[in-house]
Each structure stands twice: as structure tokens, then as C-alpha cells.
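What follows is each chain in one-letter form.
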Amino acid sequence: MKIVVTGAAGFIGTRVAGLLRDAGHEVRGFDLRGGEDVTAGDVRDEDAVGRAIDGADAVVHQAAKVGLGVDVRDLPEYVSVNALGTAVLLAAMARRGIARLVLASSMVVYGEGVYDCAEHGRLRPGPRDEKDLAAGRFEPACARCGRALTPGTVDEDVPADPRNAYATSKLAQEHLAAGWARETGGAAVALRYHNVYGPGMPRDTPYSGVAAIFRSALEAGRAPLVFEDGGQRRDFVHVGDVAAANLAALHALESAPPGRLRAYNVASGEPRTIADLADALSAARGGPAPEVTGRYRLGDVRHIVASPDRAASGLGFRARVRFADGMREFAYAPLAG
Ligand code: UD1
């Protein structure tokens, strides 16, 4: 197949483009940063996008402004790059009759994970209260009875609850792509990436995920600073597995029903706490030991743990890299930027 990968010069896009090539596809990249087999351009630029995707059978859309954002002043840029950029791309695909799309989405569309209350059953806690966090009460409690909750596993049918500009713009991408599929008879897969890590991850910036922040701290001889009490849970998925999920999605699209978008969690299925992450990286590098700081960020969710089952049954995708092995490699892997 002739495939265009947007964001092909980025951390994840590089791996995706490489794997698709290895699988025998003809791959062209499109990215702000041009390079070998990568055309330089902005996804919001209709002409540049049109030229890049002309003649393609499918588009794998990884280009995005990522991360949590620094504050609300980031709002316009997230909406512009992620929502408008996707809209421009979809319109260009429709004009050319390109009917297959793989979209890089994110687990951030869920917001807080799902929880069970012994008395009131399954529930989704609302945004966290600063008073609770300041008092060191990090676990969400049942809003009705105040009881402690047991965290559960998020599947793709859990209603979205985006909590920041990035999350909102990723959900907007999914909605735009679903509308495009309905109206054009195209088929789309949205891959909801969990916390991606691995070689080539961008170094520590205000937009970086925690794995890059801890890794950069250790390299500089500083202790990883663990927020809250370190008990918050995430699913760390290796970038090589994320690339494999994109290849699986592309193949699934060949026989996917037209006119719809289907979303899949891309997760390792091996959730870990942030303290586990800090300990694993610190141990692999021989220190310094992590410091649990009790600090917090108001926009952070407590636990977000996914079910990888739909990706297994629908795409034939299961992550292969185990946490312990991936982190041992990541502890010394080169970072980008
Ligand atoms: C992250 C990304 C999000 C992405 C998602 C899935 C960022 C900022 N967030 O969300 O955009 O969609 O993964 O790939 O890129 N923490 C520390 N110490 C630190 C920094 C963070 O303990 O120095 C903690 C945070 O409090 C949080 C956890 O680590 O509990 C994860 O943080 P982070 O990786 O920033 O954000 P996610 O919410 O997981």
C-alpha cells in the first residue's frame, strides 16, 4: 500500500514509518521537520497536505501538538494544530477519495479512570478538589458516601471526559474522523495510546510525559521527583509496540466496515504505579533513588488503566515488551532533542 504518515519525524511517527516500510509498504512522511522520505509541511496547510497525500491508499495521522500544556494560553495552539489540522487533512482525503485513516488518539480522552464503590457500584469521579490534594488525600472517594474506591479498568465504551486542552483536541480529532467516515464511506481506526515510552523519546520539557522526565533527571544525576504518594497508576507502552498497533490497524482497515470509526486502547495490559516507574529506572541506572514529594498537579488524574482486549480481538494486537525489559532498555536509551 502507499501510505502517508504525518508526524513522521517525531518520536512515535519515526517508528511507525519505519515499521510500515519494513512490512513492505511504500511510505511517505509529512512533518514540520522535513528529512529523508519526509516532506516538510504543516498539517493546517491545505495545499501542502494535498500534495503530500496525492495518490496514497491510506493516511496514518500522527502529527499533533502533544503533552499536557502549560496553561490555558496553550488552548488556541492545541485546537489549531490538532483539530484544524485534522479537519484540513480529512477534507483533502475526501477530495482525493482516500478512504482509510489510522488516527493517533490518546487515553487522555477518558479523563479519570473508572472506580467501584462497595455501596454505590461503578462510578467516574469528577475533577479533583485542591483541598483534598493539599491534605494528601490523593485517592478519589465516592461522592455519595465518601467511601474509598477500588480502581477498575477502562474499556473503549467508557464515556469520554477530557480534562484539558490536549485531551479535548484529541477527542475532537476522533469526532471529526468519525464524521468524515460517515459522510465519505471511509473507514477509520483511532488508537488511544497510553503512556508511550522508549528510545528516541523527547527529552524533559514542560510538555514531556513522566517517563522522559524521570529518565532525564537520572541522566543528570538528579533524583526522579515522584508526585502525590507515587501510588497513581498508568499503563506504560513501548514505542515499538505502538508502531505494531499502527501496522495492525492498517491491515484491519482493509476489511473494516465502511462509514465508521472504531477506537482501540493501545496499552501494555501491565499497569504500574509512578513509584514503580521511578524505582525501575533508578535501579537500572544505579540511582539516585526517587524522592516521593507529595507535590501534585491539579489537572492530573489519579489512575488510568486500560483494557487491551478490544485491540487484541479487533486488531490482533497485543503488546510484546514487558515493563521490566522495556524500562531496562529505556534507562540508557538515547533521547531526542
Ligand atoms: C501522559 C501525557 C498525555 C498523553 C498520555 C498518554 C503529558 C504531560 N501527558 O498523560 O499527554 O496523552 O500520557 O500517552 O505528556 N509525575 C511525577 N513526576 C513528574 C511528572 C509527572 O510524579 O515529574 C506524575 C504525574 O503526577 C502523574 C503521572 O506522573 O500522576 C503521569 O504524568 P504524565 O506523564 O505527565 O501525564 P499523564 O496524565 O499520564
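Further up the page is the structure itself.
The shown structure was predicted, so the numbers you read here are calculated from the model rather than taken from an experiment.

Asker: Help me understand unusual backbone geometry in this model?
Answerer: Glycine aside, residues mostly have negative phi, and peptide bonds are mostly found in the trans state. In this structure, P288 follows G287 across a cis peptide bond, with omega equal to -5 degrees. With respect to the secondary-structure elements, P288 resides in the loop between α8 (274-285) and β16 (291-292). Even without glycine at this site, D37 takes up a positive phi of about 65 degrees. Accessibility expressed as a relative area gives 45% for D37, which makes it partly exposed. Positive phi values are uncommon outside glycine, yet E228 reaches one of about 55 degrees.

Asker: Is there a simple way to explain the pairing of strand β14 (residues 260-266) in this structure?
Answerer: Consecutive side chains of a regular strand alternate in pointing toward one face of the sheet and then the other. Within β14, 5 of the 7 residues are buried, which leaves it mostly tucked inside the rest of the structure. For strand β9 (residues 187-193) and β14, the ladder comprises 7 bridges, and the chain directions are parallel. Looking at the pairing, A188 lines up with L261 of β14.

Asker: Help me understand the sheet that holds strand β8 (residues 150-151) in this model?
Answerer: The pairing of strands in a sheet comes from backbone hydrogen bonds and takes either a parallel or an antiparallel form. Taken in spatial order, the 3 strands of this open sheet run β7-β6-β8, and their pairing is antiparallel. The open sheet has two free edges, formed respectively by β7 (121-123) and β8, since each of these has just one partner strand. Where strand β6 (residues 115-117) meets β7, 3 bridges bridge the pair, whose relative direction is antiparallel. Its bridge partner being in β7, Y115 is matched across the sheet by L123.

Asker: Before we go on, may I ask you to explain the pattern of salt bridges in this structure?
Answerer: Oppositely charged side chains can form a pair if their charged atoms are brought close together. All chains considered together, the criterion is met by 23 salt bridges. Here R137 makes a salt bridge to D132, at a shortest N to O gap of 2.9 Å. D325 is paired through a salt bridge with R328; the nearest N and O atoms lie 2.7 Å apart. Of the two residues, D325 and R328 both sit in helix α10 (residues 323-330), 3 residues apart, roughly one turn of that helix. Its relative accessible area of 43% is what places D325 among the partly exposed residues.

Asker: Which parts of the structure should I look at to understand the nonpolar core?
Answerer: The nonpolar side chains of a soluble globular protein tend to be buried, and buried together. If you look at the biggest cluster of nonpolar residues, it comprises 52 residues, and the most contacted ones within it are L20, L191 and L315. Of the residues forming this core, the biggest block, 10 residues, is contributed by helix α7 (residues 239-253). Beyond its immediate sequence surroundings of up to four residues, L315 is in contact with L191, A248, A249, A252, Y264 and R310. V4, L89, L90 and I98 belong to the second-largest nonpolar core, a separate cluster that totals 26 residues.

Asker: I tried to follow the pairing of strand β2 (residues 26-31) on my own but got confused; where do I start?
Answerer: Relative to β2, strand β1 (residues 2-6) runs parallel, the two being bridged by 5 bridges. Paired with I3 across the strands is V27, a residue of β2. Traced from β1 through helix α1 (residues 11-22) to β2, the parallel crossover comes out right-handed. Pairing of β2 with strand β3 (residues 38-40), which is carried by 3 bridges, proceeds in the parallel orientation. Note on β3: the bridge partner recorded for D31 is A40.

Asker: For this particular structure, what's the right way to read the site of the ligand?
Answerer: Not every one of the 24 residues close to the ligand is listed here, only the nearest: S106, H194, N195, F227 and D300. Taking Q232, its side chain carries an N or O atom lying 3.2 Å from an oxygen atom of the ligand. Note that an oxygen atom of the ligand is positioned 2.8 Å from one of the side-chain N or O atoms of R297. Sorting the residues of the shell around the ligand by element identifies β10 (195-197), α6 (210-219) and β11 (225-226) as the ones contributing at least two each. It is α6 that provides the largest number of residues to the shell around the ligand, a total of 3 residues. Its residues assigned to classes, the shell around the ligand comprises 14 nonpolar, 7 polar and 3 charged.

Cut-offs used in this document
Residues numbered from 1 in each chain as written. Predicted model: local features only at pLDDT ≥ 70, side-chain atom pairs only at ≥ 80, totals over all residues. Heavy atoms only, no water. Helix = DSSP H or I, 4+ residues; strand = E, 2+ residues; numbered from the N terminus. Buried < 20%, exposed > 50% of the residue type's maximum accessible area, 1.4 Å probe, protein only. Pairing = 2+ DSSP bridges. Salt bridge = Lys/Arg side-chain N within 4 Å of Asp/Glu carboxyl O. Core = buried A, V, L, I, M, F, W, Y, C linked by side-chain atoms within 4.5 Å. Contact = heavy atoms within 4.5 Å. Right-handed = clockwise from strand over helix to strand, strands pointing away. Near = heavy atom within 4 Å. Polar contact = N/O pair within 3.5 Å; in protein donor to acceptor, adjacent residues only side chain to side chain. Nonpolar A, V, L, I, M, F, W, Y, C, P; charged D, E, K, R; others polar.

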